[in-house]
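Given next are the chains, with one letter for each unit.
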Amino acid sequence: MAAPAERSSRMSWRRTPASRLIDNGFIWLTAAFAVGVGVLLLAIAGRVGTDALPAIQKFGLAFLVTSRWSVNDEVFGALTQIYGTLVTSFLALLLAVPVGIGVALFLSEDFLPPRVKQPIVFMVELLAAIPSVVYGLWGIFVLIPVLRPFGIWLNSTLGWIPIFSTAPAGPGIYAAGIILAIMILPIIAAISRDALVAVPSELRQAAYGLGATRWETIFRVLLPAAFSGIVGGIMLALGRAMGETMAVTMVIGNVDSIRSLSILSQGSTVASLLANQFAEASGLQVASLMYAALILFALTLVVNVLAEIVVRRFSMKL
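First, a word on scope: everything that follows refers to the structure included in this document. (Residues numbered from 1 in each chain as written. Predicted model: local features only at pLDDT ≥ 70, side-chain atom pairs only at ≥ 80, totals over all residues. Heavy atoms only, no water.)

### Thoughts on the pattern of salt bridges
Here the idea is simple: oppositely charged side chains can pair when their charged atoms come close. Our working definition: Whenever a carboxyl oxygen of Asp or Glu lies within 4 Å of a side-chain nitrogen of Lys or Arg, that contact is scored as a salt bridge. Each residue is assigned to one of three classes by its accessible area relative to the maximum for its type, calculated with a 1.4 Å probe on protein chains only: buried under 20%, partly exposed between the two thresholds, exposed over 50%.
Applying the stated rule across the entire model yields 5 salt bridges. Between Asp-194 and Arg-193 there is a salt bridge, with its nearest N and O atoms 4.0 Å apart. On the accessibility criterion, Arg-193 (15% relative accessible area) is buried. Among the ionic pairs, Glu-244 bridges to Arg-240, the shortest N-O distance being 3.2 Å. On the accessibility criterion, Arg-240 (25% relative accessible area) is partly exposed.

Here you go:
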């Protein structure tokens, strides 16, 4: 038989009908929000797809492999913009991911005293709050003049490689990629740091107890344990890079054809195309722009689905 005090304690922890009602209401409310997000996503895709239907019917899949964009002749193809979007986003990830994860490790471990670490954390996160147009202006007046001698050196030294085969003309794909890398760096660093800080300290202590060094613990325990959070941050940053408009529009050059595979040449992205032409577009041009926006929507969706598959397969192996 349970003691009276124990029975009294159990009675006090019994849930009242009001608490159950609140819990059930919270569950249904969050479920409604989740379903609402999905419905909103489908509504956006449906509206964009409906507006893009005339271009889809006229150009079909040829829109994806045609680089000519002529408003006068009403001939449109988004290959240049798709290529520019993918290349600039890949270049941004190539530069930002190792730096962002390194910053996250540096700020999550005890390399610095807290009074020094916290201001640095604040400054890194503050980079995400800078408006994109400011990044664009900084890119025009500071970054491009600084990068021009380096681009000339790459072309003169490694010009036999296709990606460096053209002389830089100022704005270009490489400048847009570096601007995007700077813009997505705080996102990767902040989310990766949060994921690393959330790893239970018992894992770290267990690794030390088994004789692992500090760096073995970081690379074999902490990073695998925080892998899903780090990948989530990278995918969020990739979405920002693929959809960034103003900063890229100001530094990429905005040409409507693929003149070269070189990253030193000028280019265009889907977002910059929309920013430059949508305000004055009409008729089939509007439908073509909506078609390009639908392609960007699909690219983002595919990237996120692939990231989810990678995370799940990696998690199953741990």
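### Quick look at empty space enclosed by the protein
Applied cut-off: In this analysis the probe radius is 1.4 Å and the grid spacing 1 Å, with only protein atoms considered; a cavity is a set of points the probe fits into but cannot get out of, a pocket is an open set with protein on both sides within 12 Å along at least five of seven lines, and lining residues have an atom within 4 Å of a point. Grid points are joined across faces, edges and corners, and a volume is the space filled by probe spheres set on the points. The nonpolar class holds Ala, Val, Leu, Ile, Met, Phe, Trp, Tyr, Cys and Pro. Asp, Glu, Lys and Arg form the charged class, and all remaining residues, Gly among them, are polar.
Inspection of every chain in the model, using the stated rule, returns 2 cavities of 30 Å³ or more. Of the volumes computed, that of the largest cavity is approximately 50 Å³. What lines the largest cavity is Thr-80, Tyr-83, Ile-173, Ser-257, Ile-258, Arg-259, Ser-260, Ser-265, Gln-266, Gly-267 and Ser-268. When grouped by side-chain class, the residues that make up the lining of the largest cavity number 3 nonpolar, 7 polar and 1 charged.

### Overview of the side chain of Ser-70
Basically, it comes down to this: Put simply, DSSP marks the helices as runs of H or I at least four residues long and the strands as runs of E at least two long, and each gets a number from the N terminus on. Side-chain atoms alone can form a polar contact between residues adjacent in sequence; in general such a contact is a pair of N or O atoms within 3.5 Å, and within protein one must be able to donate a hydrogen while the other accepts it. Pairs of residues are marked as contacts when any of their non-hydrogen atoms sit within 4.5 Å.
Summarising the element assignment, Ser-70 is placed in strand S1 (residues 69–70). For Ser-70, a relative accessible area of 14% gives the class buried. A polar side-chain atom of Ser-70 sits 3.3 Å from the main-chain amide nitrogen of Asp-73. Beyond its immediate chain neighbours, meaning those up to four positions away, Ser-70 contacts Val-75 and Phe-76.

### As for the nonpolar core
Heads up, the rule is: Take the buried residues of types Ala, Val, Leu, Ile, Met, Phe, Trp, Tyr and Cys, join any two whose side-chain atoms come within 4.5 Å, and each joined set is a nonpolar core.
Ranked by internal contacts, the top residues of the largest apolar core, which has 70 residues, are Phe-63 and Ile-184. It is helix H6 (residues 173–197) that contributes the most residues to this core, 13 residues altogether. Non-local contacts of Ile-184, meaning those with residues more than four positions away in its chain, are made with Ala-92, Leu-93, Ala-96, Ala-237, Arg-240 and Ala-241.

### With respect to the environment of Ile-173
Mapped onto the elements of the fold, Ile-173 is located in helix H6. Distance in space between the C-alpha atoms of Ile-173 and Pro-162 is 14 Å, their sequence separation being 11 residues.

### A word on unusual backbone geometry
For residues besides glycine, phi is generally negative; the peptide bonds are generally trans as well. The backbone phi angle of Glu-74 is positive, close to 55°, even though this residue is not glycine. Relative to the helices and strands, Glu-74 is located in the loop between S1 and strand S2 (75–76).

### Brief notes about the packing of helix H4 (residues 114–126) against H6
Condition: Where helices are involved, their axes are fitted lines through C-alpha atoms of the stretch in contact, as for all axes, and angles between N-to-C directions lie from 0 to 180°. Roughly parallel refers to an angle under 35 degrees, roughly antiparallel to one over 145, roughly perpendicular to one between 65 and 115, and oblique to any angle outside these ranges.
Running from amino to carboxyl end, H4 crosses H6 at an angle of 135°, the nearest separation of the two axes being 8 Å. Relative to H6, the element H4 lies oblique. Listed contacts from H6 to Gln-118, Val-121, Val-124 and Glu-125 of H4 are Pro-186, Ala-189, Ala-190 and Arg-193. Here the residues of the contact of H4 with H6 are counted per class, giving 5 nonpolar, 1 polar and 2 charged.

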